[in-house]
Amino acid sequence: MSSTTLSGSVALVTAASRGIGRAIALDLAEHGADVALGVRDPDAAPTIALADEVRALGRRVTVVPMDVTDLAACRVAIDAVVDELGTIDVLVNNAGGGIVEDALDVTEEHFDAVWALTTKSAFFISQHVAKHMRSAGGGSIVNIASQAGLVALPGESAYCTSKAAVIHLTKCLAVEWGQYGIRVNAVAPTFIETDGTEPALSDDAFRADTVERIAALHRIGQPREVAAAVTFLAGEGASLITGTALPIDGGWTAR
Ligand code: NAP
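Quick caveat: nothing in here was measured; it's all calculated off a predicted structure. (Residues numbered from 1 in each chain as written. Predicted model: local features only at pLDDT ≥ 70, side-chain atom pairs only at ≥ 80, totals over all residues. Heavy atoms only, no water.)

Trainee: Please explain the nonpolar core as it appears in this structure.
Mentor: Side chains of nonpolar character tend, in soluble globular proteins, to be buried together. Among the nonpolar cores identified, the biggest contains 33 residues, and Ile-24, Leu-28, Leu-37, Val-92, Val-187 and Val-230 are the most heavily contacted of them. When contributions to this core are tallied by element, the ones reaching two or more residues are strand 1 (10-14), helix 1 (19-30), strand 2 (34-39), helix 2 (45-56), strand 4 (90-93), strand 5 (139-144) and helix 8 (223-234). With 7 residues, helix 1 is the largest single contributor of residues to this core. What Leu-28 contacts, discounting residues up to four positions off in sequence, is Leu-6, Ala-11, Val-13, Ala-33, Val-92, Thr-231 and Ala-234. Core analysis: the second largest hydrophobic core is formed by 28 residues, Ala-36, Leu-71, Cys-74 and Val-129 among them. (Core = buried A, V, L, I, M, F, W, Y, C linked by side-chain atoms within 4.5 Å. Buried < 20%, exposed > 50% of the residue type's maximum accessible area, 1.4 Å probe, protein only. Helix = DSSP H or I, 4+ residues; strand = E, 2+ residues; numbered from the N terminus. Contact = heavy atoms within 4.5 Å.)

Next up, the structure:
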């Protein structure tokens, strides 16, 4: 893929401060996009460092406060990105997460929190960005789902169902918004080395079991391996691809 694949476009990435979101923001910038970093704390040191890295690539960057559970604030942030960078061509709904808990113990409060962070945010942030995309004649949305939305992971029922809903949301929005030139896709990563998975993966038995279940390649993924797929789906190389969820799972779901 050439470094100009996304040249002249503007991308908004949620939960961009760390992990997979950070890798996606950098990869999009490396492929030519100006980048808006949606983060909980715009003044946090990792976000400031990331913004500097994007600028060093010669791209424009803006940082906007986006706690994705505060949708009113997100709508204000999205409008601010359009005001500052002119448009939003690419939206990456990266925010998401879960609580490891037996389904017998999941409280309504925990369930609602997981779905608000993962699914409701993707729905309503997409909705507001899509209004701008429709006015501009099109765009591309990539949702960061999970293999947890394709297969059941014991102890993660609230998370698995929230990610399965993200995958179905991807299809629903693709079918509704194709008429506006908006493509909507998802990626479904296996376990990736991030702060979020560090506690689980530092347990030797859990890590060995995970590597075994990554059925073909038998290794944990890296954030850049998710980012590369997101950049592909975001760009013109994927111009006929919409409504799909691409597993990035080393073969976990193939077995
Ligand atoms: P992570 O390392 O756990 O980092 C969490 C990120 O989410 C941080 O940037 C954090 O911001 C942000 N965040 C948390 N709550 C937020 C909120 N309410 N509003 C906005 N941002 C919020 O995350 P990750 O492992 O990179 O995961 C990123 C995405 O990939 C998630 O949707 C996750 O479900 C999905 N995924 C991850 C894996 C994996 O193995 N890592 C596998 C499949 C799918 P702060 O810096 O402010 O805390």
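Next, the rest of the story.
Trainee: Is there a simple way to think about the sheet that holds strand 6 (residues 182-189) in this case?
Mentor: Note: strands within a sheet are paired through backbone hydrogen bonds, in either parallel or antiparallel orientation. Spatially, 3-2-1-4-5-6-7 is the arrangement adopted by the 7 strands of the open sheet, whose pairing is parallel. Both edges of this open sheet fall to strand 3 (61-65) and strand 7 (245-248), since each of them pairs with a single strand only. Shown here is a sheet whose adjacent strand axes are inclined to one another by a mean of 20°, direction ignored. In this structure, strand 6 lies alongside strand 7, joined through 4 bridges in parallel fashion. Looking at strand 7, one finds that Ala-186 is bridged to Ala-245. Lying on the sheet, helix 5 (residues 157-177) is in contact with strand 5, strand 6 and strand 7; it crosses strand 6 at an angle near 160°. (Pairing = 2+ DSSP bridges. Axes fitted to C-alpha atoms, helices over the stretch in contact; angles between N-to-C directions.)

Trainee: Is there a simple way to think about the environment of Leu-117 in this case?
Mentor: Within the secondary structure, Leu-117 sits in helix 4 (residues 108-136). Residues Leu-117 and Asp-67 lie 50 residues apart in sequence; the distance between their C-alpha atoms is 8.9 Å. Those residues in contact with Leu-117, other than ones at most four positions away along the chain, are Val-68, Thr-69, Ala-95, Gly-96 and Gly-97.

Trainee: How should the packing of aromatic side chains be read in this particular structure?
Mentor: Aromatic ring pairs are defined here through the distance separating the ring centres and the angle between the ring planes. Within this structure, the stated rule accounts for 4 aromatic pairs. Taken together, a centroid distance of 5.6 Å and an interplanar angle of 75° make the contact between Phe-191 and Phe-206 edge-to-face. One end of the pair, Phe-191, is in the loop between strand 6 and helix 6 (198-201); the other, Phe-206, is in helix 7 (residues 204-213), and 15 residues separate them in sequence. A relative accessible area of 30% means that Phe-206 is categorised as partly exposed. Through pairs of rings, three or more aromatic residues link up here, namely Phe-191, Phe-206 and Trp-252. It is Arg-134 that lies over the ring of Tyr-180; its NZ or CZ is 5.5 Å from the centre. (Phe/Tyr/Trp six-rings, centres within 6.5 Å; stacked < 30°, edge-to-face > 60°. Lys NZ or Arg CZ within 6 Å of the ring centre and 35° of its normal.)

Trainee: For this particular structure, what's the right way to read the site of the ligand?
Mentor: Neighbouring the ligand are 28 residues; Ser-17, Arg-18, Asn-94, Tyr-159 and Thr-194 lie closest to it. One nitrogen or oxygen atom from the side chain of Arg-18 is found 2.6 Å from an oxygen atom belonging to the ligand. Note that a nitrogen atom of the ligand is positioned 3.0 Å from one of the side-chain N or O atoms of Asp-67. Taken by itself the ligand offers 910 Å² of open surface, and the protein chains cover 87% of this. (Near = heavy atom within 4 Å. Polar contact = N/O pair within 3.5 Å; in protein donor to acceptor, adjacent residues only side chain to side chain. Areas by Shrake-Rupley, 256 points an atom, 1.4 Å probe, with all protein chains shown as cover.)

Trainee: What is the right way to read the pairing of strand 4 from this model?
Mentor: Burial along strand 4 is two-sided: Val-90 and Val-92 and Leu-91 and Asn-93, pointing in opposite directions, are all buried. Relative to strand 4, strand 1 is paired through 3 bridges, and the arrangement is parallel. Across the sheet, residue Val-13 finds its bridge partner in strand 4, namely Val-92.

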